[in-house]
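Below, each chain spelled out in residue letters.
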Amino acid sequence: MSGLERTNPAELSPPSGFSHAVSVTATEGRLVFLAGQTALDRTGAIVGQTLVEQFETALGNLLTALAATGGTPAHLARVTVYATDVADYRAHAAELGRVWKRLAGRDYPAMAVIGTVRLWDESALVELDGIAMVPGEDPRPGPVS
């Protein structure tokens, strides 16, 4: 995709589930900042008991917000994952990778996983936020709410 370039230098360890750097060239397009998404359903309740279940819903929510701006997973330049249990995240990395590939594809943005004591919703195990470069004009008419 033009405008977004993933760079993984041979001098660094091979990336698994992230890209070392993502460059954005914005001659035409918009940077989209995606708010943190947890496993909230439409009623505002956290769904899923496990990290993998909650990650799938949180990623789906992030991608839904991105799609509402006209973006696709390929437009993601950066995603930050906040996990309440990094050891659990590492233990399920293969499963989380399969969820990512199923929902977002094979390309990874620049990513970080940050351990946190708790999230806004006490039963949330994981939260994802992101930055995307969406090419072209804003497809939505009128003021943005």
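Quantities reported herein were computed from a predicted structural model and do not represent experimental measurements.

Q: Tell me about the overall build of the protein, residues and numbers included.
A: Per the secondary structure count, the protein includes 3 helices and 6 strands. Along the protein, from the amino end to the carboxyl end, the secondary structure elements read β-β-β-α-β-α-α-β-β. Buried residues in the protein amount to 31% of all 145 residues. Contacts spanning at least 24 positions in sequence make up 76% of the contacts within the protein whose residues lie at least 6 apart. When the accessible area of the protein is evaluated, it comes to approximately 8400 Å², of which 53% is carbon and sulfur surface.

Q: Tell me about the pattern of salt bridges, and please be specific about residues and values.
A: Enumeration according to the criterion identifies 2 salt bridges in this entry. Salt-bridge contacts for R118 lead to E122; the nearest nitrogen and oxygen are separated by 3.5 Å. Classification of R118 by relative accessible area gives partly exposed; the value is 42%.

Q: For the sheet that holds strand β3 (residues 30-37), give the residues involved together with the corresponding values.
A: Strand-to-strand pairing in sheets goes through backbone hydrogen bonds, with the strands running parallel or antiparallel. Read from one edge of the open sheet, 4 strands run β3-β6-β4-β5, paired in mixed fashion. Each edge of the sheet is formed by a strand with only one pairing partner; in this case those strands are β3 and β5 (110-115). Across this sheet, the average inter-strand angle for adjacent strands is 10°, counted without regard to direction.

Thresholds applied
Residues numbered from 1 in each chain as written. Predicted model: local features only at pLDDT ≥ 70, side-chain atom pairs only at ≥ 80, totals over all residues. Heavy atoms only, no water. Helix = DSSP H or I, 4+ residues; strand = E, 2+ residues; numbered from the N terminus. Buried < 20%, exposed > 50% of the residue type's maximum accessible area, 1.4 Å probe, protein only. Contact = heavy atoms within 4.5 Å. Areas by Shrake-Rupley, 256 points an atom, 1.4 Å probe, with all protein chains shown as cover. Salt bridge = Lys/Arg side-chain N within 4 Å of Asp/Glu carboxyl O. Pairing = 2+ DSSP bridges. Axes fitted to C-alpha atoms, helices over the stretch in contact; angles between N-to-C directions.

Remember that the coordinates give geometry; whether it matters functionally is a separate question.
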